[in-house]
Amino acid sequence: PKLVAELYHNAADLETLYGLLVVMNGQLIAEDYFHEGSVEQKARLQSVTKSFTGALVGIALDRGCLSSVDQNMLDFFPDVAGQITDPRKQQITIRDMIQMRAGFPWEESHPALWEGLLSGRYVPLVEGFPLVTDPGTAFHYSNLTSNWLGIIVDRACGMHLKEYAEDNLFQPMGIEAGEWGADWDGHNNGCGDLHLTARDAAKFGQLYLDGGEYEGNQLIPADWVRDSLQTYSEGAWNNIGRFRDIGYGYHWWSATAGDHQVYFAWGHGGQLIVLLDQLDMVVVTTADPFHLQHDGQSWKHEKATLSLVAEFIASLPRE
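Residues numbered from 1 in each chain as written. Predicted model: local features only at pLDDT ≥ 70, side-chain atom pairs only at ≥ 80, totals over all residues. Heavy atoms only, no water.

Asks: How do you make sense of the overall build of the protein chain when you look at a structure like this?
Replies: Secondary structure assignment for the protein chain yields eleven helices and eleven strands. Expected size for 319 residues packed as a compact globule is a radius of gyration near 20 Å; at 19 Å, the protein chain falls within 12% of this value. Expressed as lengths along the three principal axes of its C-alpha atoms, the size of the protein chain is roughly 60 × 45 × 35 Å. Contacts spanning at least 24 positions in sequence make up 63% of the contacts within the protein chain whose residues lie at least 6 apart. Entry remark: accessible area of the protein chain is about 12,800 Å², with carbon and sulfur atoms responsible for 46%. Positive and negative charge centroids in the protein chain, built from 20 and 43 side chains respectively, lie 3 Å apart. (Helix = DSSP H or I, 4+ residues; strand = E, 2+ residues; numbered from the N terminus. Rg over C-alpha atoms; globule rule 2.2 N^0.38 Å. Contact = heavy atoms within 4.5 Å. Areas by Shrake-Rupley, 256 points an atom, 1.4 Å probe, with all protein chains shown as cover. Lys, Arg positive; Asp, Glu negative; His and termini not counted. Charge placed at Lys NZ, Arg CZ, Asp CG, Glu CD.)

See the structure below:
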């Protein structure tokens with residue numbers, strides 16, 4: 001209790017934090033909101049959305065919409081497949097995409113790439129965006145890769161991502177989703193823009209801790225959950241506070257904090273769903289999403305939120 005109290009004492013100093021929840025053994029043990037935050041607020045989860053997209057890929061595989069993670073990306077984009085000039089793109093698989101190892105670049109690395117991400121026309125960019133490495137060989141964080149995964153689920157299952165999530169994830173868990181941003185063709189953005197309350201985000205985290213099972217129903221295949229919470233790419237990001245050895249799984253990050261191994265969904269501005277399996281704990285933060293603001297100021301506040309949570313986890317005993 002003292003460590004939890006210290007967490008909330010320190011959280012009160014953060015200028016852009018909205019919500020902070022701690023769940024242990026499936027029970028909400030601590031909750032508070034700051035600034036614009038409230039229990040009813042449906043926060044813009046930013047790239048935490050990617051972990052939901054990853055879950056929907058696993059569900060689509062289980063339901064038979066998709067047959068294998070080794071299916072080729074271009075199988076789902078016949079409208080551009082004939083225009084591909086880089087033969088390496090014919091090798092990209094769903095597995096490469098879900099691991100962020102497809103070879104596409106991080107959009108913030110060049111203004112033209114960032115403009116492409118903001119264009120809202122994503123299918124043509126399957127050809128328009130260059131590869132920076134051979135598929136399957138290296139980690140490169142790519143928002144467009146997640147958007148294309150969302151479009152793959154959309155096309156394979158015959159409904160937009162939010163509809164598919166409502167039927168197979170949200171409604172069975174009693175989650176009331178808010179807005180989920182979409183591109184100009186109506187595809188919900190697989191990379192971001194899902195709005196949920198902090199409590200509903202915590203439900204999703206607990207679902208992964210429970211191996212994809214909710215109230216006796218297997219919503220996400222247990223083997224998909226297990227495969228998602230692995231580290232396929234080590235050194236995917238620089239250390240952030242007490243978060244060290246940051247890696248990447250199936251649209252989930254991994255790290256160590258003190259003596260603990262954690263997996264986490266992470267969104268710009270400081271949106272977090274952190275899983276600590278050893279203690280059956282979920283920590284959730286929502287914060288100012290700094291929508292379309294990617295600069296030193298936004299990163300300073302985002303880093304402060306990540307550091308707050310990492311310090312708390314590092315302070316926890318192993319048992």
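Resuming the write-up.
Asks: What is the right way to read the pairing of strand S1 (residues 17-24) from this model?
Replies: The side chains of a regular strand alternate, residue by residue, between the two faces of the sheet. The buried fraction of S1 is high, at seven of eight residues. Pairing of S1 with strand S11 (residues 281-287), which is carried by seven bridges, proceeds in the antiparallel orientation. Paired with leucine 17 across the strands is alanine 287, a residue of S11. Summarising the sheet, S1 and strand S2 (residues 27-33) pair through six bridges and their orientation is antiparallel. Bridge pairing links leucine 21 to glutamate 31 in S2. (Buried < 20%, exposed > 50% of the residue type's maximum accessible area, 1.4 Å probe, protein only. Pairing = 2+ DSSP bridges.)

Asks: What's the story with the environment of alanine 11 in this structure? I'm lost.
Replies: Structurally, alanine 11 can be placed in helix H1 (residues 2-11). Along the chain, alanine 11 and lysine 303 lie 292 residues apart, while their C-alpha atoms are 13 Å from each other. Alanine 11 has contacts with Leu17, Leu20, Phe34 and Leu308, leaving out every residue within four places of it along the chain.

Asks: How do you make sense of the nonpolar core when you look at a structure like this?
Replies: Nonpolar side chains tend to gather and get buried jointly when the protein is soluble and globular. Core analysis: the largest hydrophobic core is formed by 73 residues, its most contacted members being Phe52, Phe77, Trp148, Leu169, Tyr208 and Ile273. Leave out the neighbours within four places in its chain, and phenylalanine 77 touches Val123, Val126, Trp148, Ile151, Ile152 and Arg155. (Core = buried A, V, L, I, M, F, W, Y, C linked by side-chain atoms within 4.5 Å.)

Asks: Looking at this structure, I do not really get unusual backbone geometry. What am I missing?
Replies: Across residues other than glycine, the phi torsion is negative in most instances, and most of the peptide bonds are trans. Phi angles above zero are rare outside glycine, and glutamate 215 is one such case at about 50°. When you line up the elements, glutamate 215 lands in the loop between strand S5 (213-214) and strand S6 (217-218).

Asks: Would you mind showing me how to read the packing of aromatic side chains here?
Replies: Working definition: an aromatic ring pair is given by the centre-to-centre distance plus the angle between the planes. Summed over the entire model, instances satisfying the criterion amount to 19 aromatic pairs. Consider the rings of tyrosine 141 and tryptophan 253, whose centres lie 5.6 Å apart with planes at 35°: the pair is tilted. With tyrosine 141 in the loop between helix H6 (125-128) and helix H7 (143-157) and tryptophan 253 in strand S8 (residues 253-257), this residue pair connects regions lying 112 residues apart in the sequence. For tyrosine 141, a relative accessible area of 11% translates into the label buried. Ring centres of tyrosine 248 and tryptophan 253 lie 4.8 Å apart, and the angle between their planes is 80°; on these two criteria the pair is classed as edge-to-face. Taken as a pair, tyrosine 248 and tryptophan 253 share a single burial class, namely buried. Members of the aromatic cluster, each reached through a chain of ring pairs, are Trp106, Phe139, Tyr141, Trp237, Phe243, Tyr248, Trp253, Phe264 and Trp266. (Phe/Tyr/Trp six-rings, centres within 6.5 Å; stacked < 30°, edge-to-face > 60°.)

Asks: So what exactly am I meant to see when it comes to helix H8 (residues 161-173) here?
Replies: In an α-helix, one turn spans 3.6 residues; hence positions three or four apart end up facing the same way. Taking 1.5 Å per residue, 13 residues should reach 18 Å; H8 reaches 17 Å between its end C-alpha atoms and fits that length. At aspartate 167, H8 is bent by approximately 45°, the largest bend along its length. By the burial criterion, the buried members of H8 are Leu161, Tyr164, Ala165, Glu166, Asn168, Leu169, Phe170 and Met173. As for H8, its buried residues are in contact with helix H2 (49-63), H7, helix H9 (198-209) and S5. Of the residues trailing H8, glycine 174 is marked for its positive phi of about 70°. (Expected span 1.5 Å × (residues − 1). Bend = angle between axes of the 7 residues up to and from the residue.)

Asks: How should the side chain of glutamine 271 be read in this particular structure?
Replies: One can find glutamine 271 in strand S10 (residues 271-276). On the basis of relative accessible area, glutamine 271 is assigned to the buried category, the value being 0%. At 2.9 Å, the side chain of glutamine 271 forms a polar contact with the backbone nitrogen of alanine 287. (Polar contact = N/O pair within 3.5 Å; in protein donor to acceptor, adjacent residues only side chain to side chain.)

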